[in-house]
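Residue strings, one per chain:
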Amino acid sequence: MQAVSLAFWGYFGACVTLDARRRSGRTGGMLFTLMALSMAVTCACVVQSGLPLVQTLLPLHLCSLCALLAAAFYLHPTNGVYHFLWYLGMPGAALALVFPSVLQVPWQAPLEAAFFSTHALIAIAPLWRAAGGTLPMPAAAPRALAQCNLFAAFVYAVDRLLGVNYLFLLAAPPGTPLAFFESLGRIPYLLSLEAAAALCVGAMALAARGLARRPGTWYNPLARDSDPSGNAVR
Amino acid sequence: MGGRLIAADSAAGALYSLGPAGVRRAPLPGAAALCAHGAALYCASKREDVIWRLDARTLCPQALFAGGPNVTRLIASPGGETLYALCQDGDSVLALCARTGAPQMLARAGQQPRGMALDPTGRLLAVAGGGRCEALVLDARTLRLVRRVPLPGPAADVAFGGGMLYALHQAGETAGRVVALRARGGMAWSAPVPGLPGGLCAVPGGVLAGAEGVACLTRGGALWRAPMEGLCERVLAAQGRVLLSDALLGGVYALTPPRGGCEQLLPAQADDLLWYTDAP
């Protein structure tokens, strides 16, 4: 299932990116519909399973938040959301695709399909924008990390209040390297999460720098028409 | 949703509109600088020092404002409420109310300034200071000087894009150079362009520089160069092609880079070009 899903969404992502490279902004509506459909299927599967909704469906995991942001982004691309998705959404979703962790529910097959499509569409969103001619700015990396920390602080408070474990801030997912850091104590564990986020953001900043050095291979500089009010790129 | 190329030819005293339906000619004495906002097209007349407001679809004049001496560039603010006119012979920038044409502000800008650009937020206005060998960044609301960037040669044009200010200046007798300046000061990169400097057009990730031909320049170097005879004074991107006007030999051309051909669209000597997309 994982290999087939990755192959399909990899091909789909390449097609969308190439299309955006030719003429930017045309496929946003279609991608929004797919994302909305994926999220609806996920909700339906979880609700049908009878699992406690507070512990599973609040958009307090990074990917849940990014899914909502990506859906809005496909309709109205903004620079702030673009950089958040580039620096945090894309690496997070890519990790989830490589190391999937899906809830066990009666409707397992639709949930798994929705899991892969949601994460793939999160990862595709910033690539779709970059192929349309708007490169991510390396200078936006610190702001994305700060936004991530603010979000984590909010989620930590919610976790403590409701006794849930969104963003794995209170306990590490079993069987992952994070379990080792958790055994060292709360502070080393939280510091390891921070270091992982900083590593992701740093790696994506390097990727953004690399894109800027080889722009022609990634996007078409003539994908957008000049603005009639004075030729500025908007 | 189609688009049309609108070209102003001051020598012929006409505006040309090239669309899927063909070429349309509308007489307008001294038609030079162009810009558009919404359904309104603005055109400065070199002959009478006035600015016309026309219906962008029909090219019929709707209103007439007093302009300035030899307006070579017109820009509309993002909201469409203000028009900025670059008066080459007056060495100044004039801000006008786009609705009534009432003058709002006037600021000195270089010596025989040639190019002007408004940043995407509409807060900063850059002017290529011509013979003063500098690019000026003004506050678009007050026209107060924010930053002065000295350049090694006469400044031909400026453009904003991707958080950068691009300036094209002369660098030697028959050579130009594009300089990319960061928003907070400092040069990010620069690249030479062969021939006398013409015009700039910002594109995603870089800039199109017109000189003897057109080059697409980015931080990593030139993506492609399309050499031509003449001087490409106005350059713009539309529908995956580069549209340009030759100021020396005359003619408006469409170029399909990097290896595509060059096609003459109009035999006119266009002072300014504009890509207008009709409302859906």
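Below is a short write-up of the structure. Bear in mind that the values here come from a model prediction, so they are computed numbers and not experimental data. The written sequence of each chain sets the order in which its residues are numbered from 1. Think of it this way: whatever chain is written first is A, whatever ligand is written first is 1, and the rest follow in order. With pLDDT at 70 or above as the cut-off, local features in this predicted model cover only qualifying residues; side-chain atom pairs require 80 or more to be listed or tallied, and sums for whole chains, interfaces and linings still use all residues. The side-chain values count all of the structure's non-hydrogen atoms but skip hydrogen atoms and water molecules.

**A closer look at the overall build of chain A**
Argument step 1. In terms of helices and strands, chain A carries 10 helices and 0 strands.
Argument step 2. Each radius of gyration reported is based on C-alpha atoms, and the globular scaling rule is 2.2 Å times the count of residues to the power 0.38. Against the 2.2 N^0.38 benchmark of 17 Å for 234 residues, chain A shows a C-alpha radius of gyration of 19 Å, consistent with a compact globule.
Argument step 3. Projected onto its principal axes, the C-alpha coordinates of chain A cover approximately 55 × 40 × 30 Å.
Argument step 4. A 1.4 Å probe rolled over the protein chains alone gives each residue an accessible area, and that area as a share of the maximum for its type sets the label: buried under 20%, exposed over 50%, partly exposed in between. The burial tally for chain A puts 44% of its 234 residues in the buried class.
Argument step 5. When contacts within chain A are restricted to residue pairs at least 6 apart in sequence, long-range pairs at least 24 apart make up 72% of them. Only DSSP runs of H or I reaching four residues or more are called helices, and only runs of E reaching two or more are called strands; each is numbered from the N terminus. We call two residues in contact whenever any of their non-hydrogen atoms come within 4.5 Å of each other.

**Some details on the interface of chain B and chain A**
Argument step 1. Contacts between the two partners involve 35 residues from chain B and, on the opposite side, 19 residues from chain A.
Argument step 2. Distance and chemistry together define a polar contact, namely a pair of N or O atoms within 3.5 Å, with one atom able to donate a hydrogen and the other to accept it when in protein, and with adjacent residues in sequence counting only for side-chain atoms on both sides. There are 0 residue pairs in polar contact (both at pLDDT 80 or more) connecting chain B and chain A.
Argument step 3. Counting residues per element, the side of chain B that touches chain A draws most heavily on strand 24 (residues 232-238) of chain B, at 4 residues.
Argument step 4. Three classes are used: nonpolar for Ala, Val, Leu, Ile, Met, Phe, Trp, Tyr, Cys and Pro, charged for Asp, Glu, Lys and Arg, and polar for all others, with Gly counted as polar. When its residues are assigned to classes, the side of chain B that touches chain A shows 25 nonpolar, 8 polar and 2 charged.

**Some thoughts on the pattern of salt bridges**
Think of it this way: side chains of opposite charge can pair up when their charged atoms draw near.
Residues and elements named next belong to chain B.
Argument step 1. Salt bridge, as used here, is a side-chain nitrogen of Lys or Arg placed within 4 Å of a carboxyl oxygen of Asp or Glu. Counting across every chain of the model gives 6 salt bridges over all chains.
Argument step 2. Residues Glu233 and Arg114 are paired through a salt bridge, measuring 3.6 Å at the closest nitrogen-oxygen approach. Of the two residues, Glu233 sits in strand 24 while Arg114 sits in the loop between strand 11 (103-108) and strand 12 (115-118), which places them 119 residues apart along the sequence.
Argument step 3. Linking Arg234 and Asp272 is a salt bridge whose minimum nitrogen-to-oxygen distance equals 2.9 Å.

**Here we look at helix 1 (residues 2-22) of chain A**
Residue and element names in this part refer to chain A.
Argument step 1. Compared with an ideal rise of 1.5 Å per residue, which puts 21 residues at 30 Å, helix 1 spans 30 Å between its outermost C-alpha atoms and is within 8% of the ideal.
Argument step 2. Considered for burial, the residues of helix 1 that qualify are Ser5, Trp9, Phe12, Gly13, Val16, Thr17, Asp19 and Ala20. Down the axis of helix 1, the smallest arc covering the buried residues is 160 degrees, so these residues share one side. Exposed residues pointing more than 90 degrees away from the buried face of helix 1 are listed as Ala3, Val4, Ala7, Tyr11 and Arg22. Helices are assigned an expected span. That span is 1.5 Å times one less than the residue count. Think of the arc as the fan of directions from the helix axis to the C-beta atoms.

**Let's talk about the nonpolar core**
All names here are of chain A.
Argument step 1. Nonpolar cores are built from buried Ala, Val, Leu, Ile, Met, Phe, Trp, Tyr and Cys residues. Side-chain atoms within 4.5 Å join them into one set. Judged by nonpolar contacts, the single largest core of 66 residues is most densely connected at Tyr74, Leu85, Tyr87, Leu88, Ile122 and Trp128.
Argument step 2. Where this core is concerned, the elements lending two or more residues are helix 1, helix 2 (28-49), helix 4 (62-75), helix 5 (79-98), helix 6 (108-131), helix 7 (141-162) and helix 9 (186-213).
Argument step 3. For this core, the element with the most residues is helix 6, which contributes 12 residues.
Argument step 4. Ignoring sequence-local partners within four residues, the contact set of Leu88 consists of Leu62, Ala144, Cys148 and Val201.

**Notes on the packing of helix 5 of chain A against helix 7 of chain A**
All names here are of chain A.
Argument step 1. Packing of helix 5 against helix 7 brings their axes to within 9 Å, and their N-to-C directions diverge by 75 degrees. Taken together, the axes of helix 5 and helix 7 are roughly perpendicular relative to one another. Contacts from His83, Phe84, Tyr87 and Leu88 of helix 5 reach helix 7 at Ala141, Arg143, Ala144, Gln147 and Cys148.
Argument step 2. The residue makeup of the contact of helix 5 with helix 7, split by class, is 6 nonpolar, 2 polar and 1 charged. Helix axes are fitted to C-alpha atoms over the stretch in contact, other axes to C-alpha atoms as well, and angles between N-to-C directions run from 0 to 180 degrees. Each angle is binned into one of four classes, with values under 35 degrees roughly parallel, values over 145 roughly antiparallel, values of 65 to 115 roughly perpendicular, and all other values oblique.

**Here we look at the pairing of strand 26 (residues 252-255) of chain B**
In the case of a regular strand, side chains alternate between the two sheet surfaces.
Residue and element names in this part refer to chain B.
Argument step 1. Alternating residues of strand 26 divide into Val252 and Ala254 and Tyr253 and Leu255, and every residue in both groups is buried.
Argument step 2. Each pair of strands is called paired provided DSSP finds at least two bridges between the two strands. Where strand 25 (residues 241-246) and strand 26 come together, 4 bridges link them in antiparallel fashion. Note on strand 26: the bridge partner recorded for Val242 is Leu255.
Argument step 3. A loop of 5 residues connects strand 25 with strand 26, the two strands running antiparallel in sequence, and Gly250 in this loop sits at a positive phi of about 85 degrees.
Argument step 4. When strand 26 meets strand 27 (residues 262-266), the two strands line up antiparallel, connected through 4 bridges.

**Quick look at the sheet that holds strand 27 of chain B**
Residues and elements named next belong to chain B.
Argument step 1. Pairing in this open sheet of 4 strands is antiparallel, and the strands run 24-25-26-27 from one edge to the other. Because the sheet does not close on itself, it has two edges, and the strands there are strand 24 and strand 27. Between one strand and the next, the sheet's axes are offset by a mean angle of 25 degrees, whatever the strand orientation.

**Quick look at the packing of aromatic side chains**
Centre-to-centre distance and the angle between the planes together describe a pair of aromatic rings.
All names here are of chain B.
Argument step 1. Under the pairing criterion, centres of Phe, Tyr and Trp rings, with the six-membered ring standing for Trp, must be within 6.5 Å; the plane angle then separates stacked pairs below 30 degrees from edge-to-face pairs above 60, leaving the rest tilted. Counted under the stated rule, the structure contains 9 aromatic pairs over all chains.
Argument step 2. Judged by centre distance (5.8 Å) and plane angle (50 degrees), the ring pair of Tyr166 and Trp189 falls under tilted. Placement of Tyr166 in strand 17 (residues 164-170) and of Trp189 in strand 19 (residues 187-194) is noted, with a sequence separation of 23 residues between them. The pair formed by Tyr166 and Trp189 is uniform in burial state, with each residue classed as buried.

**A short note on the packing of helix 1 of chain A against helix 6 of chain A**
Residue and element names in this part refer to chain A.
Argument step 1. Running from amino to carboxyl end, helix 1 crosses helix 6 at an angle of 25 degrees, the nearest separation of the two axes being 9 Å. Viewed along their axes, helix 1 and helix 6 adopt a mutual orientation that is roughly parallel. Helix 1 and helix 6 meet at a crossing whose hand is right-handed. Judged by residue contacts, Gln2, Ser5, Trp9, Phe12, Gly13, Val16, Thr17, Ala20 and Arg21 of helix 1 engage Phe116, Ser117, Ala120, Leu121, Ile124, Leu127, Trp128 and Ala131 from helix 6.
Argument step 2. For the contact of helix 1 with helix 6, the class distribution of residues is 11 nonpolar, 5 polar and 1 charged. Crossing handedness is defined as follows: a turn of the near helix away from the far one that is anticlockwise and smaller than a right angle gives a left-handed crossing, while the clockwise case is right-handed.

**A closer look at a positive patch on the surface**
Argument step 1. Residues with no salt bridge and a relative accessible area higher than 30% make up the patches, which join like charges within 9 Å and nonpolar side chains (Val, Leu, Ile, Met, Phe, Trp, Tyr) within 5 Å. Method for areas: the Shrake-Rupley scheme with a 1.4 Å probe, in which residue coverage is limited to the protein chains shown. Under this rule, positive means Lys or Arg and negative means Asp or Glu; His and the chain ends count for nothing. Taken as the charge location is NZ of Lys, CZ of Arg, CG of Asp or CD of Glu. On the surface, a cluster of positive charge is contributed by Arg209(A), Arg213(A), Arg182(B) and Arg219(B).
Argument step 2. With respect to the secondary-structure elements, Arg213(A) resides in helix 9.

**Overview of the pairing of strand 10 (residues 92-97) of chain B**
Residues and elements named next belong to chain B.
Argument step 1. The buried fraction of strand 10 is high, at 6 of 6 residues.
Argument step 2. Residues of strand 10 alternate between two faces, with Ser92, Leu94 and Leu96 on one and Val93, Ala95 and Cys97 on the opposite face, all of them buried.
Argument step 3. Sheet topology places strand 10 next to strand 11; 5 bridges connect them, and they run antiparallel. Bridging across to strand 11, Leu94 finds its partner in Leu106.
Argument step 4. The turn linking strand 10 back onto strand 11 is made up of 5 residues, and Gly101 within it adopts a positive phi angle of 85 degrees.

Keep in mind these values describe shape, not function.
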